[in-house]
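A look at the structure
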Amino acid sequence: MSSSIVFQVIALLALCHVTLQSTSEESTFIIHMAKSEMPDSFDDHTHWYSSSLKSVSESAEMLYVYNNAVHGYAARLTKKEAESIQKQRGILSVMPEMKYELHTTRTPLFLGLDRSADFFPESNAMGDVIVGVLDTGVWPESKSFDDSGFGPIPASWKGECESGTNFSSKNCNRKLIGARYFAKGYESTMGLIDETKESKSPRDDDGHGTHTSTTAAGSVVQGASLFGFASGSARGMATHARVAVYKVCWIGGCFSSDILAALDKAIDDNVNVLSLSLGGGNSDYYRDSVAIGAFAAMEKGILVSCSAGNSGPSPYSLSNVAPWITTVGAGTLDRDFPAYLSLGNGKNFSGVSLYEGAMSLSKMLPFVYAGNASNSTNGNLCMMGTLIPEQVKGKIVLCDRGLNPRVQKGSVVKAAGGAGMVLANTAANGDELVADAHLLPATTVGQTTGEAIKKYLTSDPNPIATILFEGTKVGIKPSPVVAAFSSRGPNSITQEILKPDIIAPGVNIIAGWTGAIGPTGLAEDNRRVGFNIISGTSMSCPHVSGLAALLKGAHPDWSPAAIRSALMTTAYTVYKNGGALQDVATGKPSTPFDHGAGHVDPVAALNPGLVYDLKADDYLNFLCALNYTSTQINSIARRPFSCDTSKKFSVTDLNYPSFAVVFSEQMIAGSGSGSSSIKHIRTVTNVGPAGLYKVNVISPSNLVKVTVEPETLAFTRTNEQKSYTVTFTAPSMPSTKNVNGRIEWSDGKHVVSSPVAISWT
């Protein structure tokens, strides 16, 4: 099959972007309707939708009718027809189709779940929790979907197991309880699916969807590994939860009309958690289909977890930043797969590899830089057809990272007769190391190491080298560190909402895989594996989705906001030795714009003490503070909502578990005193025993005065609520534009911690 989507996910870490689709005169549009404005002449909203469409086009057909995620439908229209329908009564907006991209075992042990299983509910409670995953589908034969020991499917479940190419309803069981696929939007833009290349069904021919769903809620599988690497018991975060998959991503991408249709069905199916390891650019909330669908899910009590994106370490690189979405960045594990490069001058350099083969090359071999063995201007990148076979045959070849997939570079070297490869990071990736299951002996080294190796290649008249593979190493320190590829804040839509919310393991993660392709996704890779090791915020997102399912099983009455709050306020930002969480991109301590509230700690999240809760109307008031129009709010809320003109709305009043404080030069200058104050109001709900909580402010800087009132909160019962106000006063415009701190409440047993990120613009 074509492996372009696999290349994007595995090799390029699926840098996300949005593309408007306009391959013909007609394009797909999503028409948002104000259901409350349906004329009395219609007794059913679908008849009204159909009438509105027929009024501009007799031939146009609806692709989808939406009932839950939004009110409205998707249809193919010309630009003129779309403009015409926009003028009709009851039309909130006519949005063009958007294309989203995927953001592409040790973790339970690393997260402390192995020693804390007794704290979490077992199959009786967890068996009622359903995790829905929107992705590339599922490989149902994976051992991670074994339903041994599972009881009957929950009575709340309303979903289906759809049949299609290479997939039948019999492929589902008591673990994998639902599987659907959505392709109408994709096919209307890209043409009919080529069923010789991918299955028009829930079956996963790509691997990404199986990997994410088994990470979130895969059953325990003994003796799992990838070619002997990372061997042990593989398990998802919520092993007793049920899984429902919604295939929305195909070789050519993931389209918003299909994503909305899947969200619409998932809400109706009664899932409890939704996991979306995909994203696309930065749009206002009322223009972002994922954000709109996620709002409807949240209102139904469904927590929505999304990947932050893989466009780091650039600032403002986040996607999925709506405050009702839990946005997840990526960190490393304490596990590595070292493969050392030994040079002829006696020096050794460390790298990483998942190459299956001999533990080392048998001898020193000639070593050459790809840029010197090519007639192409970009020969250093080992693009297809750029290497001169006579100059690389029998040699180890140094290739620079960039443009084409990492694993494909090795395939190019192998095809040209090369004996091995060293893949060197460039400035774009720095010293971050991501392991790959190469097709020939190969290791990946960081930028600094790569530069040192190149000096050897240019200074020695007869350079030689060999590669030594060390297998799997654990206990790597420091860990975790923030992955360089993990997208960063500030939030480009609303700077006052700190994103990402949290980080979780996302580098070199082992989980279930498809039987349709090899671990590299290359057409020439004939190997088949039950488990694969890949990296991306695609991998960190389902960790949090699964952990949210655990918390939902333990606390069925908690809202999505309460579950997210528990995960955020118990996250950690320091190692056990007291050192600050590191950012691999800089080699320095990470900031809240990198790690959000910190690295997830699921055991602590089970008993957070206090939570910051939110309801749908709280988010709608937040939209009022953004000066959204009634029409824009209705597109998200799916009902009429008018901002109370007698109230003063502020984004700083949203009851979020973090603080993003934004001072502007004009604000300070306009104060007249040379300083300015910003107030944030928060309300906490006691989910533990009675207690007295005292505040501790870890000051972000002596440039900013932070005052919390009151300084103590006394709770006499569970579910009691107390409010407090934080005042941030900045006396001047400092030379630095960002400072960070924390606000912590503690009763001596619990520490409820919120990150503080202060910016000057």
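Residues numbered from 1 in each chain as written. Predicted model: local features only at pLDDT ≥ 70, side-chain atom pairs only at ≥ 80, totals over all residues. Heavy atoms only, no water.

Turning next to the side chain of Ser 305. When you line up the elements, Ser 305 lands in strand 16 (residues 303-307). The exposure class assigned to Ser 305 is buried, which follows from its relative accessible area of 0%. Only 3.3 Å separates the side chain of Ser 305 from the backbone oxygen of Cys 541, close enough to count as a polar contact. With near-sequence residues (within four places) excluded, Ser 305 lies in contact with Leu 274, Ser 275, Leu 276, Thr 326, Val 328, Cys 541, Val 544 and Ser 545. (Helix = DSSP H or I, 4+ residues; strand = E, 2+ residues; numbered from the N terminus. Buried < 20%, exposed > 50% of the residue type's maximum accessible area, 1.4 Å probe, protein only. Polar contact = N/O pair within 3.5 Å; in protein donor to acceptor, adjacent residues only side chain to side chain. Contact = heavy atoms within 4.5 Å.)

Moving on: the nonpolar core. Core analysis: the largest hydrophobic core is formed by 109 residues, its most contacted members being Ile 259, Leu 274, Leu 276, Leu 278 and Trp 324. Ranked by residues supplied to this core, first place goes to helix 9 (residues 289-299) with eight residues. Judged by nonpolar contacts, the second largest core, of 25 residues, contains Phe 663, Tyr 693, Phe 715 and Val 752. (Core = buried A, V, L, I, M, F, W, Y, C linked by side-chain atoms within 4.5 Å.)

Looking now at the domain arrangement of the protein. Considered domain by domain, the protein is made up of domain 1 (26-96), domain 2 (101-152 + 160-330 + 480-606), domain 3 (339-469) and domain 4 (610-614 + 655-760). Computed over C-alpha atoms only, the centres of domain 1 and domain 4 are separated by 45 Å. (Domains from an automatic or database assignment.)

Counting buried positions along strand 7 (residues 130-135) yields six of six residues, so the element is predominantly enclosed. Residues of strand 7 alternate between two faces, with Ile 130, Gly 132 and Leu 134 on one and Val 131, Val 133 and Asp 135 on the opposite face, all of them buried. Pairing analysis gives six bridges linking strand 7 to strand 11 (residues 242-247), with the strands arranged parallel. The residue of strand 11 that forms the bridge with Val 131 is Val 243. The pairing of strand 7 with strand 14 (residues 273-276) spans four bridges and is parallel. Bridge pairing in strand 14 places Val 133 opposite Ser 275. (Pairing = 2+ DSSP bridges.)

This next bit is on the packing of aromatic side chains. In total, this model carries 18 aromatic pairs according to the counting rule given. Geometrically, the ring pair formed by Phe 229 and Phe 337 is edge-to-face, given 5.8 Å between the ring centres and 85 degrees between the ring planes. Within this pair, whereas Phe 229 is found in strand 10 (residues 229-234), its partner Phe 337 is found in the loop between strand 18 (335-336) and strand 19 (338-343), the two being separated by 108 residues in sequence. Side by side, Phe 229 and Phe 337 carry an identical accessibility label, which is buried. Consider the rings of Tyr 355 and Phe 469, whose centres lie 5.3 Å apart with planes at 40 degrees: the pair is tilted. Taken together, the positions of Tyr 355 in the loop between strand 20 (348-352) and strand 21 (365-369) and Phe 469 in strand 25 (residues 464-469) put the pair 114 residues apart, joining distant regions of the chain. (Phe/Tyr/Trp six-rings, centres within 6.5 Å; stacked < 30°, edge-to-face > 60°.)

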